[in-house]
Every structure is written in structure tokens, then in C-alpha cells.
Amino acid sequence: MSGQKVVTPSADGLANAAKAASKGKGLPPVHLWNPPFCGDLDMRIARDGTWFYLGTPIGRFELVKLFSSILKREDGKYFLVTPVEKVGITVEDAPFVAVDFDATGEGESQELSFITHVGDEAVAGADHPIRVVRDPETGEPSPYILIRSDLEALIDRKSFYRLVDLCSHKGGWFGLWSAGEFFPVIPSDELS
């Protein structure tokens, strides 16, 4: 026995470490952090973007925003990381929800700027692609936009309906233009 104290991961400990690491200037550099894995935390992000800790919704927006700033994805798994610890959490679908967007321009010169439920912003384009996954049984679409570092946002239903109004046809697809990129939504022949 080395005499080293084993620390059990906690939401409070992670929040304090995240505050200290971020210093209030943008997102912490989680891509540079590779601390040891400390176990899983009973934290879950529901499909609608609600964060739960020990089965209870986290009601403080500031705390959710702080946790979202230290979120990292590795090998398809989600973690909250600080410079000294990494804990696994559960994400039901995507960790973020795109709750609104602005469209400027038209056609190929259009730009779609999205905002998430935690305040992240991204302009759809080569660095922030949009993808649409269809349920194989129901055909229902689930649209996503890459927000940052392998972390996507599910585009909410009201925004997706607005996006469909901006779609056009290209190369056999009905899709969206943004920042010079075309993002297919559905094959054109399925619209008849």
C-alpha cells in the first residue's frame, strides 16, 4: 500500500477543477489533457439535452455549461476531463442540442449559424458538417451538426423543419448549402 489517498470522482470535485482550469477565458483545452481514468460517474445527458446527476436533473444552467466545457469523446465514449482526472458519463444520443439557427445569404452562398442549448455556436461548413441519420424502421430523420472535437448536437425538430424550407436539389439529393458545402438530407427521388 503506497499510502496515497484514493479520491472518488464527484460532480462537485469536477466542477471545482473545471472552474480552476478554464479561468473564464473560453473553453478549457481538454484536447491537451490526458489524465488517468478515475471510473464512471452517475451522470447522463438525455436525448433532449437535459443533464442528470444521480438520477436528478441538474437545474443550474451555469453548472451544465461548465460540465459541457470539459466534455470529451474518445473511441465513441464520453468523458468529463480535468487536468488530473477523467470520468465516464452516459450520453443517450448527442451531448448537445442545436436549439436555433440563423441563415444568411441564399443558395450556394448561404451560411447556417447554429446555437446549442449550452451556448456553443457553429457555422455549418467543412469544419462543422451536418449529417442526417434515418431510423431504419420508421424513416424518421435525426439531423446533427458537429460542434467541436467529435462532439455533435442533435438539431431540434423546430429548427430541422425550418432547415427543410431552405433545402435545394443537387446531384440527386435534397439538402442544405452552408459556407460553400452541400449537406445531403434525403435522396430527391424519395420526395415524390
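Residues numbered from 1 in each chain as written. Predicted model: local features only at pLDDT ≥ 70, side-chain atom pairs only at ≥ 80, totals over all residues. Heavy atoms only, no water.

## Considering the layout of surface pockets
Right, so step 1: The calculated volume of the second largest pocket comes to roughly 210 Å³.
Right, so step 2: At the level of elements, β11 (141-148), β12 (151-155) and α3 (157-164) are the ones that each hand at least two residues to the lining of the second largest pocket.
Right, so step 3: Each residue belonging to the lining of the second largest pocket can be placed in one class, and the counts come to 6 nonpolar, 1 polar and 4 charged. (1 Å grid on protein atoms, 1.4 Å probe; cavity = no way out; pocket = protein on both sides within 12 Å on 5 of 7 lines; lining within 4 Å. Points joined across faces, edges and corners; volume = space filled by probe spheres on them. Helix = DSSP H or I, 4+ residues; strand = E, 2+ residues; numbered from the N terminus. Nonpolar A, V, L, I, M, F, W, Y, C, P; charged D, E, K, R; others polar.)

## Thoughts on the environment of K158
Right, so step 1: Here K158 shows up in helix α3.
Right, so step 2: With a relative accessible area of 49%, K158 lands in the partly exposed category.
Right, so step 3: When the C-alpha positions of K158 and D100 are compared, they lie 8.2 Å apart, and in sequence the two are 58 residues distant.
Right, so step 4: Those residues in contact with K158 that sit more than four places away from it in its chain are V99 and D100.
Right, so step 5: Within polar-contact distance, the side chain of K158 engages the side chain of D156 at 2.8 Å. (Buried < 20%, exposed > 50% of the residue type's maximum accessible area, 1.4 Å probe, protein only. Contact = heavy atoms within 4.5 Å. Polar contact = N/O pair within 3.5 Å; in protein donor to acceptor, adjacent residues only side chain to side chain.)

## Considering the nonpolar core
Right, so step 1: Ranked by size, the top nonpolar core spans 46 residues in total, and within it F67, L80, F114 and I145 carry the most contacts.
Right, so step 2: Here F67 is in contact with A11, L14, A15, M43, W51, I58 and L80, once residues within four sequence places are set aside. (Core = buried A, V, L, I, M, F, W, Y, C linked by side-chain atoms within 4.5 Å.)

## Comments concerning α3
A turn of α-helix holds 3.6 residues, and therefore any two residues three or four places apart point the same way.
Right, so step 1: Those residues of α3 that sit buried are S159, F160 and L163. The arc enclosing the buried residues of α3, seen along the axis, measures out at 100°, which places them on a common side. (Arc of directions from axis to C-beta.)

By themselves, these are just geometric observations and shouldn't be taken as functional.
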